[in-house]
Amino acid sequence: AVCRELLKLHRQSRISVIHVCHSFEEARMVADRIGVIDSGRIVQAGTPDALMESPANRYVANLLRLENVFRGRAERCPGGSRIVGDGFSLAAPEAEGRVEFLVRPWDVRVGADGDNRAEGNIVEFSLAGPVARAKLDGPLPLLVQLPRDAAVTAGLALGKRLRVAFDRDAVHVFDETTGA
């Protein structure tokens, strides 16, 4: 209710408003642009969609609740790098050394081909509104988000075995030490 009133006042007054909050969901409801502050300095600013698409660092990814953050070791190879971890090996953009990486849940496709493939049993599943969420077990415990209709059509359910894929460009790499 407060956010709707703030948005209404902003539109009526046509003045710039700075709204400080600790919730990305709240900021997304009222803001055209968002600035993320860490330790007193702005670490990333942009539209809500731009932040979701390409978080500047691990801190921003965590604040946005982008859950698919994993660790591995990146080695350069033709066309990018290969990230190797405990039980997985992935094609990724160019990186080297110890890294953390993010795979946005909506970039993971069910039963599709891609540069990277994973398989696991669905250990968490929900059909909340228009979006279905499925969490896989295995070496790369991915969270997958897809439209509700697609999940129903694919017959997704708790305990079902699922194959997924995502492209090299869907892997967003952070330096493990700095988080950047």
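Use the structure listed above.
The sections below set out a description of the structure shown in this document. (Residues numbered from 1 in each chain as written. Predicted model: local features only at pLDDT ≥ 70, side-chain atom pairs only at ≥ 80, totals over all residues. Heavy atoms only, no water.)

1. Describing the pairing of strand 1 (residues 34–38)
1) Next: Here five bridges tie strand 1 to strand 2 (residues 41–46), and the two strands are oriented antiparallel to one another. By the bridge assignment, Ile34 is partnered in strand 2 with Gly46.
2) Next: Hairpin geometry of strand 1 and strand 2 is characterised by an intervening segment of two residues between the two adjacent antiparallel strands and by a positive phi of about 50 degrees at Ser39. (Pairing = 2+ DSSP bridges. Helix = DSSP H or I, 4+ residues; strand = E, 2+ residues; numbered from the N terminus.)

2. Notes on the pattern of salt bridges
1) Next: If you walk through the whole model with that rule in mind, you get 12 salt bridges.
2) Next: Between Glu94 and Arg76 there is a salt bridge, and its shortest N-O distance comes to 2.5 Å. In this pair, Glu94 is assigned in the loop between strand 5 (88–92) and strand 6 (97–103) and Arg76 in strand 3 (residues 69–77), connecting sequence segments 18 residues apart.
3) Next: Residue class for Arg76 comes out partly exposed when judged on its relative accessible area of 46%.
4) Next: Note that Asp107 is salt-bridged to Arg104, the shortest N-O span being 2.9 Å. An identical accessibility class is assigned to Asp107 and Arg104; each is buried.
5) Next: Each of Glu53, Arg104 and Asp107 takes part in salt bridges that share partners, so that together they form one network. (Salt bridge = Lys/Arg side-chain N within 4 Å of Asp/Glu carboxyl O. Buried < 20%, exposed > 50% of the residue type's maximum accessible area, 1.4 Å probe, protein only.)

3. A few points about the sheet that holds strand 9 (residues 131–136)
1) Next: Pairing is antiparallel across the open sheet formed by five strands, whose spatial order is 7-11-8-9-10. Every other strand in the sheet has two partners, leaving strand 7 (109–110) and strand 10 (143–147) as the edge strands with one partner each.

4. Focus: the environment of Val99
1) Next: One can find Val99 in strand 6.
2) Next: On the accessibility criterion, Val99 (3% relative accessible area) is buried.
3) Next: Note: C-alpha distance between Val99 and Glu75 (24 residues apart in sequence) is 10 Å.
4) Next: Apart from the residues within four sequence positions on either side, Val99 is in contact with Phe70, Arg71, Gly72, Ala74, Ile83, Val173, Phe174 and Glu176. (Contact = heavy atoms within 4.5 Å.)

5. Description of the sheet that holds strand 4 (residues 80–85)
1) Next: Pairing within the open sheet is antiparallel, and its five strands lie in the order 5-4-3-6-12. The outermost strands of the open sheet, each flanked by one partner alone, are strand 5 and strand 12 (171–175). Averaged over neighbouring strand pairs, the angle between their axes works out to 40 degrees when direction is ignored.
2) Next: Pairing of strand 4 with strand 5, which is carried by five bridges, proceeds in the antiparallel orientation. From the neighbouring strand, Ser81 faces strand 5, where its bridge partner is Ala92. (Axes fitted to C-alpha atoms, helices over the stretch in contact; angles between N-to-C directions.)

6. Concerning the side chain of Lys135
1) Next: The topology assignment puts Lys135 in strand 9.
2) Next: For the buried Lys135, no salt bridge is present, and the opposite-charge side chain at shortest range is Glu67, 4.5 Å distant. (Lys, Arg positive; Asp, Glu negative; His and termini not counted.)

7. Digging into the side chain of Asn116
1) Next: With respect to the secondary-structure elements, Asn116 resides in strand 8 (residues 116–128).
2) Next: Judged by relative accessible area, which is 1%, Asn116 ranks as buried.
3) Next: Look past the residues within four positions of Asn116 in its chain and what remains in contact with it is Ser89, Leu90, Ala91, Val164, Ala165, Phe166, Asp167, Arg168 and Val171.

8. Quick notes on the packing of aromatic side chains
1) Next: Evaluated as defined, the whole model comprises two aromatic pairs.
2) Next: Ring geometry for Phe70 against Phe101: centres 5.7 Å apart, planes inclined by 45 degrees, an arrangement best described as tilted. Separated by 31 residues along the polypeptide, Phe70 in strand 3 and Phe101 in strand 6 bring together distant segments of the chain. Per residue, the accessibility class of Phe70 equals that of Phe101, and both read buried.
3) Next: An angle of 65 degrees between the planes, with centres 5.8 Å apart, marks the rings of Phe88 and Phe101 as edge-to-face. With Phe88 in strand 5 and Phe101 in strand 6, this residue pair connects regions lying 13 residues apart in the sequence. When sorted by exposure, Phe88 lands in the same class as Phe101, which is buried. (Phe/Tyr/Trp six-rings, centres within 6.5 Å; stacked < 30°, edge-to-face > 60°.)

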